[in-house]
Amino acid sequence: MNKQVSLIGMPMDLGQARRGVDMGPSAIRYAHIVERLNELGYDIDDLGDVPINRDQPKGDEGLKNLVSVLEGNRKLADIVDNVVEQRRFPLVLGGDHSIAIGTLAGVAKHYQQLGVIWYDAHGDLNTLETSPSGNIHGMPLAVSLGVGHEKLVNLHGYAPKIKPEHVVIIGARSLDEGERKYIRETGMKVYTMHEIDRLGMTKVMEETIEYLSANCDGIHLSLDLDGLDPSDAPGVGTPVVGGISYRESHLAMEMLYDADIITSAEFVEVNPILDHKNKTGEAAVELIESLLGKKLL
């Protein structure tokens with residue numbers, strides 16, 4: 001792993017309707033992420049939080065808070081782009097999952113074939129036409145694949161950022177019909193909870209690592225805390241029961257570290273208002289530690 005890590009807080013809560021997720025970066029910092037990663041030997045440069053302008057028009061063509069989400073993601077893309085240019089590892093803390101639009105825009109231009117592990121209960125493959133809510137946090141993967149609103153798709157001046165054959169979704173258990181149709185049409189690799197239960201997390205990660213390593217020159221991890229079961233991560237805005245366990249998630253992160261394939265990462269959807277004693281913020285930090293190499297022995 002790259003020992004030079006730049007920490008970027010993205011307190012975005014406008015990609016969905018519930019307040020509180022804007023405090024996610026603070027909750028993760030409160031769980032001592034900087035100190036704990038320093039103990040693992042990482043050089044941490046905390047760049048603070050990206051400023052979010054809430055004084056913008058509330059909607060555009062049915063998409064909620066489009067102007068503010070675009071503006072915030074433009075700023076994030078510029079910062080992430082610069083971090084990668086400096087050969088540092090960008091670690092983005094959310095914020096709702098709409099921030100992946102900016103993260104991927106800043107990362108993907110540095111790779112010929114960027115792979116993405118989308119660790120999430122949801123596919124986030126909606127568009128205006130398929131979304132039941134108009135919430136942009138349900139659209140970032142589609143946008144990054146070049147599907148959706150033109151302004152979102154072309155953020156940072158190019159599109160698409162990634163290809164369907166370079167994406168693996170892990171932990172899916174809540175997909176809208178439009179998302180299921182897109183997955184079937186593109187043949188995108190998806191491990192639902194059925195596959196995780198049947199194959200086991202070890203096999204799922206072995207297959208994911210082999211699949212992406214063979215085809216990609218960089219791999220981004222986008223981890224939504226609602227990928228975990230709500231019993232282990234209660235502080236999320238859209239919990240879905242029957243999720244990945246805390247221990248399975250640690251195993252997944254440990255295997256990614258051992259494979260040494262992750263070149264950027266984001267951890268999103270921590271909402272301390274909905275949490276219990278910062279349990280979800282603590283879980284995020286502990287998973288980040290495992291991704292970056294913490295071992296029991």
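Owing to the predicted nature of the structure, the values given are computational and were not obtained by experimental measurement.

J.: Explain the sheet that holds strand β10 (residues 262–268) to me, please; I cannot follow it from the model alone.
T.: Paired through backbone hydrogen bonds, the strands of a sheet run either parallel or antiparallel to each other. In spatial order, the strands read β2-β1-β5-β10-β9-β6-β7-β8; together these eight strands make up an open sheet with parallel pairing. Looking along the sheet, the strands with just one partner apiece sit at the ends: β2 (43–49) and β8 (189–192). Neighbour-to-neighbour, the strand axes of the sheet open up by a mean angle of 15°, direction not taken into account. For strand β6 (residues 114–119) and strand β7 (residues 167–172), the ladder comprises four bridges, and the chain directions are parallel. If you follow tryptophan 118 over to β7, its bridge partner there is isoleucine 169. In the packing of helix α11 (residues 279–291) onto the sheet, the strands contacted are β5 (89–94), β9 (218–224) and β10, and the crossing angle to β10 comes to about 175°.

J.: Even after reading the chapter, I still don't get the UniProt feature "binding site: Mn(2+) 1" (unreviewed entry) in the protein, so can you show me in this structure?
T.: Residues annotated by UniProt as "binding site: Mn(2+) 1" (unreviewed entry) correspond here to His97, Asp120, His122, Asp224 and Asp226. The largest pairwise C-alpha distance within this set of annotated residues, which runs over 130 residues, is 10.5 Å, so the set is compact in three dimensions. For the largest pocket, the lining residues drawn from the annotated set are His122, Asp224 and Asp226. Residue position: aspartate 120 is located in the loop between β6 and α5 (140–144). Look at aspartate 120 and you get buried, because its relative accessible area is 0%. For aspartate 120, the contacting residues outside a window of four places in its chain are His97, Ile170, Gly171, Ala172, Asp224, Asp226 and Gly227.

J.: Would you mind showing me how to read the packing of helix α9 (residues 201–213) against helix α10 (residues 246–259) here?
T.: At a minimum axis distance of 10 Å, the contact between α9 and α10 shows a crossing angle of 30°. Considering the relative orientation of α9 and α10, their crossing is right-handed. Counted together, Met201, Thr202, Met205, Glu206 and Ile209 of α9 and Glu248, Leu251, Ala252, Met255, Leu256 and Ala259 of α10 form the full contact between these two elements. Of the residues belonging to the contact of α9 with α10, the class tally is eight nonpolar, one polar and two charged.

Analysis parameters
Residues numbered from 1 in each chain as written. Predicted model: local features only at pLDDT ≥ 70, side-chain atom pairs only at ≥ 80, totals over all residues. Heavy atoms only, no water. Pairing = 2+ DSSP bridges. Helix = DSSP H or I, 4+ residues; strand = E, 2+ residues; numbered from the N terminus. Axes fitted to C-alpha atoms, helices over the stretch in contact; angles between N-to-C directions. Contact = heavy atoms within 4.5 Å. UniProt positions renumbered as here; feature names shortened; annotations may be inferred. 1 Å grid on protein atoms, 1.4 Å probe; cavity = no way out; pocket = protein on both sides within 12 Å on 5 of 7 lines; lining within 4 Å. Buried < 20%, exposed > 50% of the residue type's maximum accessible area, 1.4 Å probe, protein only. Left-handed = near helix turned anticlockwise from the far one by under 90°. Nonpolar A, V, L, I, M, F, W, Y, C, P; charged D, E, K, R; others polar.

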